[in-house]
Amino acid sequence: MKRTVGIFFLLFSAQIYSQAVYEDERYVPETDTLVLEKLNEWQGKKFGLLMHWGTYSQWGIVESWSLSPEEYGWCERKKGSNPNDYFTYKKEYEELKNTFNPYKFNPNKWANAAKKAGMKYVVFTTKHHDGFAMFDSKYTDYKITNVGTSFSKNPKVDITKEIFKAFRSEGLWTGAYFSKPDWHSKYYWDPKFPPMDRNVNYSPEENPEKWNKFVEFTHNQILELLTDYGKVDILWLDGGWVAKASKTEIIDWFTKTLQKTEGAYLKHRMVNQDIRMDELVKKARIKQPGLIVVDRAVHGKNQNYLTPENRVPEKTLPYPWESCIISGGGWSYTPNAKYMSGREGIHMLIDIVAKGGNLLLNIAPSPEGEWQQEAYNLLDEYADWMKINSSAIYNTKPIAPFKENNICMTQNKKGNVFLFYMAEDGETIPSEIIVNSINPKRGTKITMLGFKKKLKWNKIKEGFKVEIPQELRNNLPAKYAWTLKVEDVNQ
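Along every chain, residues carry numbers that run from 1 in the direction the sequence is written. It should be noted that, the model being predicted, local features are given only for residues of pLDDT at least 70 and side-chain atom pairs only at 80 or more, the latter also being counted only at that level, while totals for whole chains, interfaces and linings use all residues. With hydrogens and water set aside, each side-chain value is computed from the structure's full complement of heavy atoms.

This part is about the sheet that holds strand β10 (residues 417-422). The pairing criterion is simple: DSSP has to find at least two bridges between the two strands. For the purposes of this entry, the term helix denotes a DSSP run of H or I that reaches at least four residues, the term strand denotes a run of E that reaches at least two, and both are numbered from the N terminus. Read from one edge to the other, the open sheet built from 5 strands follows the order β8-β9-β10-β15-β12, with strand pairing classed as antiparallel. In the strand order of this sheet, the two ends are held by β8 (403-404) and β12 (446-448), each with one partner. Relative to strand β15 (residues 481-486), β12 runs antiparallel, the two sharing 3 bridges. Along β15, the bridge assignment pairs I446 with V486. Along the sheet, helix α8 (residues 342-354) contacts β8, β9 (407-411), β10 and β15; its crossing angle with β9, the most-contacted strand, is approximately 50 degrees. Working rule for contacts: check all heavy atoms of both residues, and any pair within 4.5 Å makes them a contact. In this analysis an axis means a line fitted to C-alpha atoms, helices contributing only their contacting stretch, and an angle means the value between N-to-C directions, from 0 to 180 degrees.

Looking now at the pattern of salt bridges. Between side chains of opposite charge, a pair can form when the charged atoms approach closely. Salt bridges are counted wherever a side-chain nitrogen of Lys or Arg sits within 4 Å of a carboxyl oxygen of Asp or Glu. This model, assessed by the stated rule, comprises 26 salt bridges. One salt bridge in this structure joins E309 and R296, with 3.0 Å as the shortest N-O distance. On the criterion of sequence distance, the pair formed by E309 in the loop between β5 (292-295) and β6 (322-326) and R296 in the loop between β5 and β6 is long-range, its members being 13 residues apart. Classification of residues uses two cut-offs on accessible area relative to the type maximum, computed with a 1.4 Å probe and protein chains only: under 20% is buried, over 50% is exposed, and between them is partly exposed. On the accessibility criterion, E309 (1% relative accessible area) is buried. E432 is the salt-bridge partner of K465, the closest N and O atoms lying 3.9 Å from each other. Here the residue K465 occupies a position in strand β14 (residues 464-467), and E432 occupies one in strand β11 (residues 432-435), the gap between them amounting to 33 residues.

With respect to the secondary-structure elements, N362 resides in strand β7 (residues 358-362). Polar contacts, as used here, are pairs of N or O atoms within 3.5 Å; protein pairs need one atom able to donate a hydrogen and one able to accept it. Residues neighboring in sequence count only if both atoms are side-chain atoms. A polar side-chain atom of N362 sits 2.9 Å from a polar atom in the side chain of H52.

Lining residues are those with an atom within 4 Å of a point, where the points come from a 1 Å grid over the protein atoms alone and group into cavities, where a 1.4 Å probe fits but cannot get out, or pockets, open sets with protein on both sides within 12 Å along at least five of seven lines. Grid points are joined across faces, edges and corners, and a volume is the space filled by probe spheres set on the points. Tallying each qualifying case throughout the model produces 2 cavities of 30 Å³ or more. Taken as a whole, the second largest cavity encloses approximately 40 Å³ of empty space. W53, G54, T55, Y56, T125, K127, H128, D130, F132 and M134 together form the lining of the second largest cavity. Amino acid classes used here: Ala, Val, Leu, Ile, Met, Phe, Trp, Tyr, Cys and Pro are nonpolar; Asp, Glu, Lys and Arg are charged; the rest, including Gly, are polar. Residues belonging to the lining of the second largest cavity are distributed by class as follows: 4 nonpolar, 4 polar and 2 charged.

For N98, the position within the fold is in the loop between α2 (86-94) and α3 (107-117). Through-space distance from the C-alpha of N98 to that of N146 is 9.1 Å; in sequence the pair is 48 residues apart. Sequence-distant contacts of N98, that is, excluding residues within four places in its chain, are made with G148, T149 and S150.

In this structure, the amide linkage connecting A400 to the following residue, P401, adopts the cis form with an omega of 5 degrees. Position of P401 relative to the elements: it lies in the loop between α9 (373-389) and β8. Positive phi values are uncommon outside glycine, yet R276 reaches one of about 55 degrees. Take R276: it is sitting in the loop between α6 (247-259) and α7 (277-287). The phi dihedral of N395 falls on the positive side, at around 55 degrees, and the residue is not glycine. Inspection of the secondary structure puts N395 in the loop between α9 and β8. For N395, a relative accessible area of 44% gives the class partly exposed.

Turning to the packing of helix α5 (residues 208-228) against α7, a few remarks are in order. As a packed pair, α5 and α7 sit with axes 9 Å apart at the nearest point and diverge in direction by 20 degrees. Classified by the angle between their axes, α5 and α7 sit roughly parallel to one another. By crossing handedness, the relation of α5 to α7 is classed as right-handed. Contacts from H219, I222, L223, L226 and T227 in α5 reach E279, L280, K283, A284 and K287 in α7. Looking at side-chain class alone, the contact of α5 with α7 contains 5 nonpolar, 2 polar and 3 charged residues. For classification purposes, an angle smaller than 35 degrees is called roughly parallel, one larger than 145 roughly antiparallel, one from 65 to 115 roughly perpendicular, and anything else oblique. Each crossing is labelled by how the near helix is turned from the far one, with a counterclockwise turn of less than a right angle marking it left-handed and a clockwise turn marking it right-handed.

A word on the environment of N406. Within the secondary structure, N406 sits in the loop between β8 and β9. What N406 contacts, discounting residues up to four positions off in sequence, is F420, Y421 and M422. Side-chain polar atoms of N406 contact the backbone oxygen of M422, separated by 3.0 Å.

β10 sits mainly inside the fold: 6 of its 6 residues count as buried. The alternating pattern of β10 places V417, L419 and Y421 on one face and F418, F420 and M422 on the opposite face, and all of these are buried. Note that β9 and β10 share 5 bridges and pair antiparallel. In the strand pairing of β10, M409 is matched with L419. By the bridge criterion, 6 bridges tie β10 to β15 in an arrangement that is antiparallel. What sits directly across from F418, in β15, is K485.

Here it is, written out as C-alpha cells:
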C-alpha cells in the first residue's frame, strides 16, 4: 500500500496493473465449503482493524515505498543523510532495524480498544515490501527478533505473536498481511543488479533456479505464520504485481500503458512473476482449514474478497468486499496526523455496510509502540455509537435501494429493516422522517434503537412517515446517526 494525501482521497492503488479494485472487476467464487462458511461469517463481522507498522515508523515516512526507484511523488526519498544517493539511502533505511525499539508496545491495550469500538478482526503487517519481518522467521535475519535490534531482548519481541495473542483473547479474528515482493531478499532484488522498479530485477524465465528460491522462500515464510502463530483466519496478500502473467497479457498491458503515456518512458513494468499461488493456497489450507485468502488485485479463485483501497464504492457489489481506509495521516505512522472525526468515521461504516461491504480501518503505531491519542478518541466515538446501534450493523445485508437521501438501509435475517438517519454536521433529528422507498406492513412496530417506546407512523402515497417525539429529540441515544428499526416490510 502507498501513502495518500487526505483521508478520503480517491486512491488508485500502486499495482503493476495500474489499477485499483473497481466495482466491475470480475470475481471468481470460492468452491471450498469450509472457506465459503468462513467467508459468510466474515461478511457478518463488518468492522476490522488494519495496522501498518515497521522500522519505517521511525522516519515517519511512507511504508517501504521510498526504496522503490520509481518517479512518483508519494515514494520520494526525504530522510537519511543523503536521500539523493539511492544506495546510501537504502543502507540507512535497512539500518533502522538497529534502532527500532517500541518499548511502549502494549497490544492488550489496542485489542481492548478495538473490541470496545466493535471491531471483530485484525489484519497486521507481518511483512511489508521492504522485507522486514515483524515475526520470528527462521528464513531471514532481517527481522524484529534479530539480536542486532534494540528490541531483541524485550519479552514481547515477537510482535506478530503478541498481537495475535492479545486480539484473540478479546475474541477477534486474526489476519496476516504479508507482502509477496521482498525488496531485501537477494532472490528478488539480486545485489548483482540495481533495482529497476518495484518488480524483480532479473528475468525469472532466464534464471529459473534463482526465481524458484524466491518462491520457496515466500512459501516458507507464509507457512511459518500459519504453523507457529496459532489460528489465523485471513491471509491478506499485498503486492499484486507478483503474479503469473502470460505474454499476451504483458503485451496488452504495455500497449495500453504506452498509449496513456507522453513519450515512451514507463515508470514501472509488468513482469511475469509466477509465485505458484494455487500450490501455496493448497498448502496453507492444510495448515489452516477454511483459511480466507485475499490475493489482492490478482483476478482468480485466490482472491476470496476484493479490497477497494482507501475509497468506498458508489454502489452495492455482487461479491464479498472490504474497503481498507486510513483513519489518519497515512498507512504508516505520521507525526501530528489528522484523524477523521467520529461523525465521518461512523457515517463511513454505515455507508459501507449498507452497500454490503466491510470496513477495515487502518491505525498506524508509533516507533515507540503507541497509538496516537486521536486514534483512541476515534475508537471511543465508535464504541459509544455501537453500544446502541450494533444490531443494525452486524450480520446484515443490503436492501434496495440501500440509500435514500441521507438515510442508509440494512436488513437482518429476521427481515427487520434498519434505517440510519445520518445527520449533517451539527444537525439534530427532525420531528418527522419520510421514507419513500420502504413500505412497512400494516400494524408493524417501528422503534429507534436505544429508545424503548414505539414510534407513531403513517403510510403515505409513496412509503411512510414516522414521528419523532419531543422527549426523544431532547434526549437522543447516540450521536451523528440514529437508527429506526422497522419490524417487517412489504418486499
